[in-house]
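Residues per chain are reported as follows:
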Amino acid sequence: MASTQQQQQLSAIKGAKVLMVGAGGIGCELLKTLALSGFQDIHIIDMDTIEVSNLNRQFLFRQSHVGQSKAKVARDAVLRFRPQISITPYHANVKDSSFNVDFFKQFNVVLNGLDNLDARRHVNRLCLAADVPLVESGTTGFLGQVTVHIKGKTECYECQPKPAPKTYPVCTITSTPSKFVHCIVWAKDLLFAKLFGDKNQDNDLNVRSNDTATSSDHSEDIFELRKDEDFQQYANRIYDHVFGHNIQTALSNEETWKNRNKPRPIYVKDVLPDEPVQQNGSADQMLVKDSLSSLSAMSYLGLKNPQDIWSLKENSRVFFAALKLFFTKRQKEIGNLTFDKDDHLAVEFVTAAANIRAASFNIPLHSLFEAKGIAGNIVHAVATTNAIIAGLIVIEAIKVLQNEAKNCRMTYCLQHPSRKMLLMPVEPFEPNKSCYVCSETPLLLEVNTHRAKLRDLVEKIVISKLGMSLPLITHGSSLLYEVGDDLEEDMVANYAANLEKVLSELPYAITGGTNISVEDLQQELVCNINIKHREEFDEEKEPDGMVLHGWTPAPASENNKDATDNNGASTSSTSKSAPAVMEDDDELSIMEVGVETVSAVGKKRKLSDVPHPETLVEDKRAKKIPEQPENNGDVVVMLDDGNDAA
């Protein structure tokens, strides 16, 4: 009997055509495990190239592979020990139009090892449209999970809400920081962007004060190098402005500090009184022998351990050294730079700037290692967790291929044993009847139809919240908006004009009581949205100026530590001032969660009897199951106080 079962299993494995999406930390382990388990036809999609930071856990890659396609190198590495199997790599974005529903229909199962929420939702929708089972996964440090999604039998990936990113108003970041993460956001998304990014980008580095006009005038050309000053004078002026003048201006508003500790302005003369920072002059000798990729303020200053917490004086030295390296050796990049956690010089600059600001506001300083983790939303991965999760993915995939959906399990990998178990299996949940993706339940949008433009609807709702890539919006039989490469020029111009029109002034007006249909042709997803007119919105709580019901992300926890992400999902929510971070690979993680057991091991439970993790959080008397680590819990997004323009 056992032999027959084994033969059936082997036959299912050998005859399967499998699609892997993602060739990173989980992907490397998964491809190896699939090959060793007997799978003969494997396809891999990954748009990333190999970076040095990948090498400590993505074992299929070597130093010589840096800069090459992950999918192609992974294929070559596995074929060395399994040359008889077929592995087809695609160095591309899974959202490319070539990976459509017909492409997905050729596979027996899809296995996800992705790193962001947007791509996960896209794959989920394509699998639903193609009626192909999906096995999802994610890891965060010692935590991980594998979930199975089968159309009509289990919930889809979007049946349950994903935690929203933690948000901070601009006024908190610029005027009243109380946590180190506030200082990081300020240094990364304001100061770094202002000095090295797009000069035309709206960016307010001045505190909110009663004399806002004066502040604006003063900062108009403060970041431009003047003709009559050398670099050191310029660097000192920047330092004194952002760490001294801005703080002094903030202190002038007495009301702000009635119930807060007052910050202290910091000026160059106070921190480096005996050093006019000419110490950096000899940096040129270092620059001659160092390549651009290895430029380091730490190396020049003799700071070796990234886990040391620098003093205010050391942070100031790093600030000046990093600034000079950017302006002397990377000047061609200035104006086009964005913060990258793998750009060591950028991390040094952000760490130093954040620490100087933290010192001003009496916030504990952090090491470069810690600051990089917060700035890049990093919780370092554990390779063993990736290996365990990859094994569990294959186990569930084999069940799916043998049509044993009733035996499939959502399995959670725990950090600490619970009832002597580190792996917690739970029966999958039934589809959520209120899910707008797999159950086609209408959504409700509250919006001021006399103020909001079609562009607001497209960017803030259709793309940001509903995750559509190629949206088509109709009102009855009338087409209001469409995206595509095959559109006539006059149609493109017409749709572009519609974007700038207020909803109630469109050719086919959208007003209260209107029902519109939003469709994504690539995902083959259709959403019906009922419109409810609403005059006013709370600028702080409802910064989009519109509220979508039926799509409700879980609230971000206020008790979590600084910003983190995960091996698989970051938020797709965005803001004008500080877009949400979508990082790559499984060194990204989320907060650790407490875990209790669901039921006695082996006890059978119906799908309808098992509460979902989100409901268990609210019921303190209920026994908890592990929360899914794939869900990003504390990514930082900075809100623009309700002034977000389309």
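For the protein chain, an unreviewed UniProt entry supplies the name SUMO-activating enzyme subunit and the organism Tagetes erecta. In its Pathway (unreviewed entry) section, UniProt records this for the protein chain: "Protein modification; protein sumoylation." In the Subcellular location (unreviewed entry) part of its UniProt record, the protein chain is described as follows: "Nucleus".

Caption draft 1: Structural detail: the pattern of salt bridges. One pass over the structure, following the stated rule, counts 20 salt bridges. With a shortest N-O distance of 2.8 Å, Glu446 and Arg534 are connected by a salt bridge. Here the residue Glu446 occupies a position in strand E10 (residues 443–447), and Arg534 occupies one in the loop between strand E14 (525–533) and strand E15 (546–549), the gap between them amounting to 88 residues. The exposure class assigned to Glu446 is buried, which follows from its relative accessible area of 12%. Put simply, Arg451 and Glu536 hold a salt bridge, and the shortest N to O gap is 3.8 Å. Here Arg451, found in the loop between E10 and helix H17 (454–463), pairs with Glu536, found in the loop between E14 and E15; they are 85 residues apart in sequence, far enough to count as distant. Salt bridges sharing partners connect three or more residues here, namely Glu446, Lys532, Arg534 and Glu542.

Caption draft 2: Fine view of the UniProt feature "binding site: Zn(2+)" (unreviewed entry) in the protein chain. According to UniProt, the positions carrying the feature "binding site: Zn(2+)" (unreviewed entry) are Cys156, Cys159, Cys435 and Cys438. In summary, the annotated positions, though distributed over 283 residues, converge in three dimensions, the widest C-alpha pair being only 8.6 Å. Among the secondary structure elements, Cys435 is positioned in the loop between strand E9 (421–426) and E10. On the basis of relative accessible area, Cys435 is assigned to the buried category, the value being 3%. Here Cys435 is in contact with Cys156, Glu158, Cys159, Glu440 and Thr441, once residues within four sequence places are set aside. Assignment of secondary structure puts Cys438 in the loop between E9 and E10. Looking at Cys438, the relative accessible area reads 29%, which means it is partly exposed. Excluding residues within four positions of it along the chain, Cys438 makes contact with Leu128, Cys156, Cys159 and Asn432.

Caption draft 3: Broad picture of the sheet that holds strand E11 (residues 471–475). Taken together, six strands build an open sheet; the order of strands is E12-E11-E13-E14-E10-E15 and the sheet is mixed. Looking at which strands have only one partner, the edges of the open sheet turn out to be strand E12 (478–482) and E15. Between one strand and the next, the sheet's axes are offset by a mean angle of 25°, whatever the strand orientation. The sheet contact formed by E10 and E15 spans four bridges and is antiparallel.

Caption draft 4: The arrangement of the packing of helix H7 (residues 180–196) against helix H14 (residues 344–360) in detail. Two numbers describe how H7 lies on H14: the axes approach to 8 Å, and their chain directions differ by 125°. By the angle between their directions, the pair H7 and H14 is classed as oblique. Like other packed secondary-structure pairs, H7 and H14 cross with a definite hand, here right-handed. Along its contact with H7, which presents Phe180, Cys183, Ile184, Trp186, Ala187, Lys188, Leu191, Phe192, Leu195 and Phe196, the element H14 presents Ala346, Phe349, Val350, Ala353, Ala354, Asn355, Arg357 and Ala358. Looking at the contact of H7 with H14, its residues break down into 15 nonpolar, one polar and two charged.

Caption draft 5: Summary view of unusual backbone geometry. Backbone geometry at Asp131 places phi at a positive 60°, although glycine is not the residue there. Summarising the element assignment, Asp131 is placed in the loop between helix H5 (117–130) and strand E5 (134–140). Judged by its relative accessible area of 53%, Asp131 is exposed. Backbone geometry places Arg419, a non-glycine residue, at a positive phi of 55°. Tracing the backbone through its elements, the reader meets Arg419 in the loop between strand E8 (410–418) and E9.

Caption draft 6: Quick peek at H5. Its 14 residues give H5 an end-to-end C-alpha distance of 20 Å, which sits within 8% of 20 Å, the value for a rise of 1.5 Å per residue. By the criterion of burial, H5 is predominantly enclosed, with 13 of the 14 residues buried. Between the side-chain oxygen of the N-cap and the backbone nitrogen of Asp118 there are 3.2 Å, and the N-cap of H5 in question is Asn116.

Caption draft 7: A look at the environment of Ala397. Here Ala397 is to be found in helix H16 (residues 383–401). Note: C-alpha distance between Ala397 and Ala16 (381 residues apart in sequence) is 10.0 Å. Apart from the residues within four sequence positions on either side, Ala397 is in contact with Leu111 and Val135.

Caption draft 8: Region of interest: the sheet that holds strand E2 (residues 41–45). With mixed pairing, the eight strands of this open sheet are ordered in space as E3-E2-E1-E4-E5-E6-E8-E9. Of all strands in the sheet, those bounded by a partner on one side alone are strand E3 (86–90) and E9. Along the sheet, successive strands turn relative to each other by an average axial angle of 20°, direction set aside. For strand E1 (residues 17–21) and E2, the ladder comprises five bridges, and the chain directions are parallel. Directly across from Leu19, in E2, lies its bridge partner His43. Running at roughly 165° to E1, helix H2 (residues 25–37) makes contact with E1, E2, E3, strand E4 (109–112) and E5 of the sheet. Along the sheet, H16 makes contact with E4, E5, strand E6 (143–149), E8 and E9, crossing E6 at roughly 15°.

Criteria and cut-off values
Residues numbered from 1 in each chain as written. Predicted model: local features only at pLDDT ≥ 70, side-chain atom pairs only at ≥ 80, totals over all residues. Heavy atoms only, no water. UniProt positions renumbered as here; feature names shortened; annotations may be inferred. Salt bridge = Lys/Arg side-chain N within 4 Å of Asp/Glu carboxyl O. Helix = DSSP H or I, 4+ residues; strand = E, 2+ residues; numbered from the N terminus. Buried < 20%, exposed > 50% of the residue type's maximum accessible area, 1.4 Å probe, protein only. Contact = heavy atoms within 4.5 Å. Pairing = 2+ DSSP bridges. Axes fitted to C-alpha atoms, helices over the stretch in contact; angles between N-to-C directions. Parallel < 35°, antiparallel > 145°, perpendicular 65-115°, else oblique. Left-handed = near helix turned anticlockwise from the far one by under 90°. Nonpolar A, V, L, I, M, F, W, Y, C, P; charged D, E, K, R; others polar. Expected span 1.5 Å × (residues − 1). Polar contact = N/O pair within 3.5 Å; in protein donor to acceptor, adjacent residues only side chain to side chain.

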